[in-house]
Amino acid sequence: MKRTISIMLGKGSIHHNERKFTAENVDKERSKNNVTYYNEDIKTVYHKLFDDALKKYNERQKRNDRMINDYYEKIRTSKQEKPFYEIIVQVGDKDNMNAVSDDGQTAKNILDSYIKNFQQRNPHLYVFSAHLHMDEATPHLHIDFVPFTTDSKRGLDTRVSMKSALKQQGFTGTARSDTEFNQWINFEKEKLSEIMLGYGIEWEKKGIHERHKSVSQFKREKLVEAVNKLEYKKKSLEYDISKYQNSEKYALNSVTKLEKKAELLPEPTVFMSAKKYKNEVTMPFIEELLTTIKELSQRAFIAEKNAEKLQKQFYILKQRNEQLKKENWDNNMEISKCKVELRKFDKLKSYLGIESVNEIIKAAYQSKINQKEHTQEIIK
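Residues numbered from 1 in each chain as written. Predicted model: local features only at pLDDT ≥ 70, side-chain atom pairs only at ≥ 80, totals over all residues. Heavy atoms only, no water.

This part is about the overall build of the protein. Looking only at helices and strands, the protein features nine helices and eight strands. For the protein, the proportion of its 380 residues judged to be buried stands at 31%. Of all intrachain contacts in the protein linking residues separated by at least 6 positions in sequence, the fraction that spans at least 24 positions is 70%. Surface exposure of the protein reaches about 26000 Å², of which carbon and sulfur atoms provide 53%. (Helix = DSSP H or I, 4+ residues; strand = E, 2+ residues; numbered from the N terminus. Buried < 20%, exposed > 50% of the residue type's maximum accessible area, 1.4 Å probe, protein only. Contact = heavy atoms within 4.5 Å. Areas by Shrake-Rupley, 256 points an atom, 1.4 Å probe, with all protein chains shown as cover.)

Written out as structure tokens, the structure is:
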């Protein structure tokens, strides 16, 4: 069984996705079958992602007119960036994956598996709203996300940028028709097709017609694709490592603050009772100390577990990198051999002439056909 895959940009109507109003093509009776995966307020998300970077940016400004009071409003009214993006993901269509059919339920299961790994695959696309709709003709996902980059050299060091976010995830555009966004969409389609195969469904690629490729060209393209995916995984790994380094900085800063606070604890005054000193000075400090210790312990536990996971991923990536190096070497050797044979053929053409060479090729081809026909006659 084969089914098409559709991943397209949506309008980003959050109220429609949440079913705060009902469109004409929606069956209200089936809205109870919809699934909500993420549902955060976008302004809260902006504070979470950009407040620290905004504070640093404003502290660097010497002119008031360059200060940014509300980063969300700045992006919302910007002509260069959008505050968020939406993609709509669908398998098949209303004729072969209708929402009220068994195939529609299969589509729902596929999309459910897809969205559950989306955020992990895309660390620079913060998903704040995601809904699976089963009350329209075909099951489909609305995924709304804020794209952000963390290595900006201008403006905020962490800022909104779709192009830069995808670059940090390993996608680099090479031409107008081969942009970071197009590469990412194709990558996501591949991931969705892998999930579909688990349900016995192949990806039907309509409208895609490629000319016949040589074996060496095909191998080379597969190698490039593998390298790109490896680079993407490397970027994700680097991002995870940077998070744990930030956690280490946070821990050191927390300890330093507590040490300074301990040094500044006031001595009890002459008329202050021991009970009052305990309640008003000592206990608040101890409570803050315990809270910090608890938080640091949790962070340390999570970091240790993730460090083990990262070490395993690093080993796998290292092994895969060695394999790719070998494949690249083999491909280069094959290309070198082909070049040698081509030079021999060019010499033969120069010596015999192109017409003679063509006659030899035709004769060899006809001989092969005659031999095949003779073999078939013997079999009969």
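Moving on: the environment of Lys48. Structurally, Lys48 is set in helix H2 (residues 42–60). Non-local contacts of Lys48, meaning those with residues more than four positions away in its chain, are made with Glu40 and Tyr126. A distance of 3.1 Å separates the side chain of Lys48 from the side chain of Glu40, its partner in a polar contact. (Polar contact = N/O pair within 3.5 Å; in protein donor to acceptor, adjacent residues only side chain to side chain.)

If you look at the biggest cluster of nonpolar residues, it comprises 32 residues, and the most contacted ones within it are Ile87, Val89, Tyr114, Ile143, Phe145 and Trp184. Counting residues per element, the ones that place at least two in this core are strand E2 (5–9), strand E4 (85–91), helix H4 (102–121), strand E5 (125–133), strand E6 (140–149), helix H5 (162–168) and helix H6 (180–197). Leave out the neighbours within four places in its chain, and Ile87 touches Ile7, Met8, Leu9, Gly10, Tyr114, Phe118, Leu141, His142, Ile143, Phe145 and Trp184. Among the nonpolar cores identified, the runner-up in size contains 19 residues, and Ile42, Leu49, Tyr71 and Val146 belong to it. (Core = buried A, V, L, I, M, F, W, Y, C linked by side-chain atoms within 4.5 Å.)

On to the packing of H4 against H6, then. Contact geometry for H4 and H6: axes closest at 10 Å, N-to-C directions at 135°. The orientation of H4 relative to H6 falls into the category oblique. Judged by the sense of rotation from one axis to the other, the crossing of H4 with H6 is right-handed. Where H4 abuts H6, its residues Ile110, Ser113, Tyr114, Phe118 and Arg121 lie against Trp184, Phe187, Glu188, Lys191, Leu192, Ile195 and Met196. (Axes fitted to C-alpha atoms, helices over the stretch in contact; angles between N-to-C directions. Parallel < 35°, antiparallel > 145°, perpendicular 65-115°, else oblique. Left-handed = near helix turned anticlockwise from the far one by under 90°.)

Summarising the element assignment, Arg3 is placed in strand E1 (residues 2–3). Residue class for Arg3 comes out buried when judged on its relative accessible area of 11%. A distance of 3.5 Å separates the side chain of Arg3 from the backbone oxygen of Asn96, its partner in a polar contact. Ignoring sequence-local partners within four residues, the contact set of Arg3 consists of Val91, Gly92, Asn96, Met97, Asp103, Met196, Ile201, Glu202, Trp203 and Glu204.

Our focus in this paragraph is the pairing of E6. Where burial is concerned, most of E6 is hidden: ten out of the ten residues are buried. Pairing between E4 and E6: six bridges, direction antiparallel. Pairing of Ile87 across the sheet is with Ile143, part of E6. In this structure, E5 lies alongside E6, joined through eight bridges in antiparallel fashion. Residue pairing across strands places His133 opposite His140, the latter belonging to E6. The hairpin turn running from E5 into E6, its antiparallel successor, is six residues long. Across two bridges, E6 lies against strand E7 (residues 159–160) in antiparallel orientation. Counterpart to Thr149 in the pairing with E7 is Arg159. (Pairing = 2+ DSSP bridges.)

For any pair of aromatic rings, the description consists of the separation of the ring centres together with the inter-plane angle of the planes. Scanning the entire structure with this criterion turns up twelve aromatic pairs. Aromatic pair Tyr46 and Tyr72: ring centres 5.2 Å apart, planes at 80°, arrangement edge-to-face. Of this pair, Tyr46 sits in helix H2 while Tyr72 sits in helix H3 (residues 71–76), placing them 26 residues apart in sequence. With respect to burial, Tyr46 and Tyr72 carry one shared label: buried. Arranged with centres 6.3 Å apart and planes meeting at 15°, the rings of Tyr85 and Phe145 form a pair that is stacked. With Tyr85 in strand E4 and Phe145 in strand E6, this pair connects stretches of sequence that are 60 residues apart. Sitting above the plane of the Tyr85 ring, Lys82 keeps its charged end 4.7 Å from the centroid. Stacked on the ring of Trp203, the Lys or Arg Lys205 has its end atom at 4.4 Å from the ring centre. (Phe/Tyr/Trp six-rings, centres within 6.5 Å; stacked < 30°, edge-to-face > 60°. Lys NZ or Arg CZ within 6 Å of the ring centre and 35° of its normal.)

Time to look at H2. With 19 residues, H2 extends 26 Å between its outermost C-alpha atoms, agreeing within 8% with the 27 Å of an ideal straight helix rising 1.5 Å per residue. The largest bend in H2 comes to about 60°, at Phe50. Along H2, the residues that are buried comprise Ile42, Val45, Tyr46, Leu49, Phe50, Ala53, Leu54, Tyr57 and Asn58. On the buried face of H2, the contacting elements are H3, E5, E6 and E7. The N-cap of H2, judged by a side-chain oxygen 3.3 Å from the amide nitrogen of Lys43 a few residues on, is Asp41. (Expected span 1.5 Å × (residues − 1). Bend = angle between axes of the 7 residues up to and from the residue.)

Before going further, it helps to examine a nonpolar patch on the surface. Taken together, the side chains of Leu342, Phe345, Leu348, Tyr351, Leu352, Ile360 and Ile361 present a nonpolar region at the surface, about 700 Å² in accessible area. Mapped onto the nonpolar patch, the elements with two or more residues apiece are helix H8 (274–352) and helix H9 (354–379). Broken down by element, the residue count for the nonpolar patch peaks at five residues, all from H8. Along the chain, Phe345 turns up in helix H8. (Patch = residues over 30% accessible without salt bridge, like charges linked within 9 Å, V, L, I, M, F, W, Y side chains within 5 Å. Salt bridge = Lys/Arg side-chain N within 4 Å of Asp/Glu carboxyl O.)

So, on to the side chain of Ser193. Looking at the secondary structure, you find Ser193 in helix H6. Aside from chain neighbours lying at most four places away, what touches Ser193 is Ile5 and Trp203.

Purely geometric stuff here, so don't read any function into it on its own.
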